[in-house]
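# What the coordinates show
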Amino acid sequence: MQETYNQRADSQVIIAAPTGLSSEEADKRLTVFGRNVLPKDRSKTILSLVLRQFASPLIYILIFAAIVSFAIGEVVDGGFIVLVLMINGTVGIVQEYIASRAIDRLLVQEARQSRVIRDGTIRSVDATMIVPGDVLLLEAGDYIAADLQWNEAINVEVDESVFSGEAMTVSKQLGDRSYAGTFVTRGRGSGTVYATGVESQLGMLSKSIGQTSIHDPPLVIRVKRFAQQIGILIGVGIAFVVLYGALAHYAVTDLFLMAVGLAVSAIPEGLPVAMSVALAVATRRMARRNVIIRRGTATESLGSCTVIATDKTGTLTENRVELISFTALEGERCCTHRWKDYLASEQLSSGTTHVRQLLTTGLLATDTGNRPPELITDPLDRAIVWRCHEAGLTDGILKSRWAPLEMKAFDATFRLSAVSHCNDSGALVCVKGAFEEVLSLCSPSKNSKKYQPHEIEESSRQLAIQGVRVLALAEKNCTSSDTIDACLSVGGFTFVGLLGFQDPLREGVCEAVAACKHARIHVVVITGDDPRTATAIAREAGILDASSDAVTTGAELTLAERRGGESAFDSVVKNSVIFARSSPAQKLAIVHSLVRQKHFVAVTGDGINDAPALRHAHVGVAMGLRGTDIAKEVADIVVADDNFASIVAGIHEGRVVYSNIRKVVFMLVSTGCGEVVLFILSIASGLPMPLTPAQLLWLNLITEGVQDIALAFEKSEGDELNRPPRDPKEQIFDSVMTRRVATSAVVMGLISFCLFYVEYVREQDVVYARSLVLTLFVVFENVQALHARSEYRSLLTLPVLSNPWLILGIIGAQILHLLALVYPDVFSALDVVLVHGDDWILIAASAFFVCLVIELDKWAVRRSCKTAALKRSQC
């Protein structure tokens, strides 16, 4: 009979006998606790995917416009708007589906097996069938499938980097705990499971990150503000129409139609589709640069970020231990060399004896079992063997001269391991371990009369300051009958040297960090690793200056929060670049703090410990190759090649897509506001509606829609990373766009009103007057589309064919409109007629005047920018 058990992270499961659980008891517990699997994200349904495409203030305005159109019998107008909504939703759904397929290819599902004791025998069971109370048997290379407490731990070391962020392994003793998702790298032992599935540490993290992020993406924030501005504009315009119409004694039906016409003019109906296309184009471009976008708005979010909060292990570094330096006795001096520098100097191949001796001792002190490096589970041993292979020293060559006698596995108490070998002339004991322990075994006289231990101690200290993990090597000649323990008790070893290990920096990281600085994006490191290691990596990557020491530990953050609350916490975060020994909860708190300081935050990471911050940042960026499944599933963006440099490429594309969205907004809103000015002037003058709702939708959705979608394909102007990040408070309508939209709208509105007034008063033919104004606005759209390609550069300096889609769009819009004029019966809903030949001259002159006004505005902006740059250079 099994004793009482609980499945809690703070409880201890006790079994009655070493035979483990019986099969019957295991089945019973499986029914109670469920399978050992993580909770599924229930929000990922087809319905939620569809509804998400319509969760936008602009979409809400369009839905309202469609309802009003159907209510007043304008079926064609309502049908146009519904078509726009369907196209927009389809683009978004297809985009997210393609991204999810790409992520599925990265999420490699493998059936894991675990060895457990059931019914007194050892069995291999599916890891999902493990229950609390099971006794797991583990050895080097095994995956730990559930939270457990070690019953037996013989030289056990565990890779906990997915939780802690540290590349170095952690030693485990009797009574210690390990969590699901980690790996045994050394030793063997057994442990009793106390939590599985959703109750494990991994499961609790999964539940916490399943919550919806409290921080909206930057584009969503800006679109909300934009929609509010449009809503206010529509409200003010309708209020004017109603007030004026009431004073002028207009019929209620006429007032209602005018209000609808004004609303249709102001609403940029084509914007949702154009935005979706722009995001889809950027998504495709980023995919070619190994950046997979899971949610469309994340494309722009990455370009908007002002801070990148990056993980260290696996993101900046390769998440593998590498032998990067060695310290050897060269004559009577203790000299430290970087491995790559030494190898490049060809000193190794020239037969330098002290270095070869150092590597030989390191290899002999490593129990590899004659396995190739890739099959060695211990990261330190694997790093030593890789370097020996690089130097032409292989285990097979050494074993042909030395036969292994005895091995003493790494002991956490004594912090060293040893291997003895023998040949015809005697035996050799090789030791590697902690610097202090190995040095205590050595005798200075064995090396040199001038040899001083403090020289080696200083070398070890300097390496530790640089974040390098140090192993000391020593050897001793003895007889074949001497045991390792006997040799260790006597001492008298000869010190051979030090080996320095570090998780190496990824290729391209330094250049990527430099590019971030050039783009004025602040990079901070949040890691669970040691402060010295984090500082060394940050300095090597260029994140931290050589003279800077802006490092804060998790303990210091906790202390600051206890003493001064949220404000003190924010102050510490503001003045720090490196956050070391940080827990997942602190990582998330740092992200919230950066947001409170008005930053747009991108968080990068690959481990389980990164998942909460990835979920709740403005944009979460996970690593695709080494990243855990949880990190990839919660992130907005996945970097397929794990290269930090790809993130910078994503930032560039993100800035391009936002620039393109602004271009589309300028084109749509400027012409829309021109229509509003036309409407207000016409109503104030007592004229009939200058354009019908159907004609307005023709402009806003058909002729303009062809061009604004083409603008979404605009390529980079080349200087995106030379600009500072946009102010998080900045709206889509900044001062430049506001002035330019207002200027061009007033000019277009006045010109079109004058033409409408003159033509209507002269001929009293409202159909022709409307046809003339409608054609004029189609040409205005062409002009605005061409000018929208750059906010600052003159139209004359822009390469004509850099965006062939826009040229085709302009031609296509004109052809469509001409077909409507030539075949009015086919386009009967528009109620138009062919424009006279001489009126085309007026239309061309009007377009030229608008073009001139915008060119003058761009010139003024360029001049002010040059003046501001000159002032900055003089400061």
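What comes next is a walk through the structure.

### Some words on the sheet that holds strand β21 (residues 601-605)
Here 8 strands make up an open sheet; going across it, the order is β9-β23-β22-β21-β10-β18-β20-β19 and the pairing mixed. Looking at strand neighbours, the two that pair on one side only are β9 (291-293) and β19 (551-553), the edges of this open sheet. On average, each strand axis in the sheet is tilted by 20 degrees relative to the strand beside it, whichever way the strands run. Where strand β22 (residues 619-623) lies against strand β23 (residues 637-639), 3 bridges are found, and the strand directions are parallel. Bridge assignment links methionine 623 to a residue of β23, and that residue is valine 639. Against the sheet, helix α20 (residues 554-574) touches β19 and β20 (578-580), its axis set at about 115 degrees to β19. In this fold helix α24 (residues 644-684) packs onto β9, β10 (307-310), β21, β22 and β23, with an angle of close to 155 degrees to the strand it touches most, β10.

### Here we look at the nonpolar core
Counting 76 residues, the largest nonpolar core has Phe226, Ile661, Val665, Leu691 and Val850 as the members making the most contacts within it. At the level of secondary structure, the elements contributing two or more residues to this core comprise α7 (218-247), α9 (271-288), α24, α25 (693-711), α26 (735-763), α27 (766-787), α28 (804-822) and α29 (837-874). It is α24 that provides the largest number of residues to this core, a total of 13 residues. Beyond its immediate sequence surroundings of up to four residues, valine 665 is in contact with Phe226, Leu271, Ser670, Ile732, Phe733 and Met737. By size, the runner-up hydrophobic cluster in this structure holds 37 residues, among which are Ile308, Leu505, Ile537 and Ile578.

### Digging into a nonpolar patch on the surface
A surface patch of nonpolar side chains, about 660 Å² in accessible area, is lined by Ile811, Ile815, Leu819, Val822, Tyr823, Val826 and Leu834. Residue placement: leucine 819 occurs in helix α28.

### Brief notes about the side chain of glutamate 720
Mapping glutamate 720 onto the fold places it in the loop between α25 and α26. In this view, glutamate 720 contacts His652, Arg655 and Val656; residues no more than four positions away in its chain are not counted.

### Structural notes on the packing of aromatic side chains
Scanning the model with the defined rule gives 5 aromatic pairs in all. Considering the side-chain rings of phenylalanine 753 and tyrosine 757, the 5.9 Å spacing of their centres and the 40 degrees angle between planes classify their relative orientation as tilted. Note that phenylalanine 753 and tyrosine 757 are positioned in helix α26 at a spacing of 4 residues, about one turn of the helix. Exposure remark for tyrosine 757: the relative accessible area of 39% places this residue in the partly exposed category.

### Here we look at α20
Its 21 residues place the ends of α20 only 15 Å apart at the C-alpha level, less than the 30 Å of an ideal helix rising 1.5 Å per residue. The largest bend along α20 measures about 135 degrees and falls at glycine 564. Taken together, the buried positions of α20 are occupied by Gly554, Leu557, Ala560, Phe569, Asp570 and Val573. Next to the buried residues of α20 lie β19, β20 and α21 (584-596).

Definitions and cut-offs
- Residues numbered from 1 in each chain as written.
- Predicted model: local features only at pLDDT ≥ 70, side-chain atom pairs only at ≥ 80, totals over all residues.
- Heavy atoms only, no water.
- Pairing = 2+ DSSP bridges.
- Helix = DSSP H or I, 4+ residues; strand = E, 2+ residues; numbered from the N terminus.
- Axes fitted to C-alpha atoms, helices over the stretch in contact; angles between N-to-C directions.
- Contact = heavy atoms within 4.5 Å.
- Core = buried A, V, L, I, M, F, W, Y, C linked by side-chain atoms within 4.5 Å.
- Buried < 20%, exposed > 50% of the residue type's maximum accessible area, 1.4 Å probe, protein only.
- Patch = residues over 30% accessible without salt bridge, like charges linked within 9 Å, V, L, I, M, F, W, Y side chains within 5 Å.
- Areas by Shrake-Rupley, 256 points an atom, 1.4 Å probe, with all protein chains shown as cover.
- Salt bridge = Lys/Arg side-chain N within 4 Å of Asp/Glu carboxyl O.
- Phe/Tyr/Trp six-rings, centres within 6.5 Å; stacked < 30°, edge-to-face > 60°.
- Expected span 1.5 Å × (residues − 1).
- Bend = angle between axes of the 7 residues up to and from the residue.

Keep in mind these numbers describe shape, not what the thing actually does.
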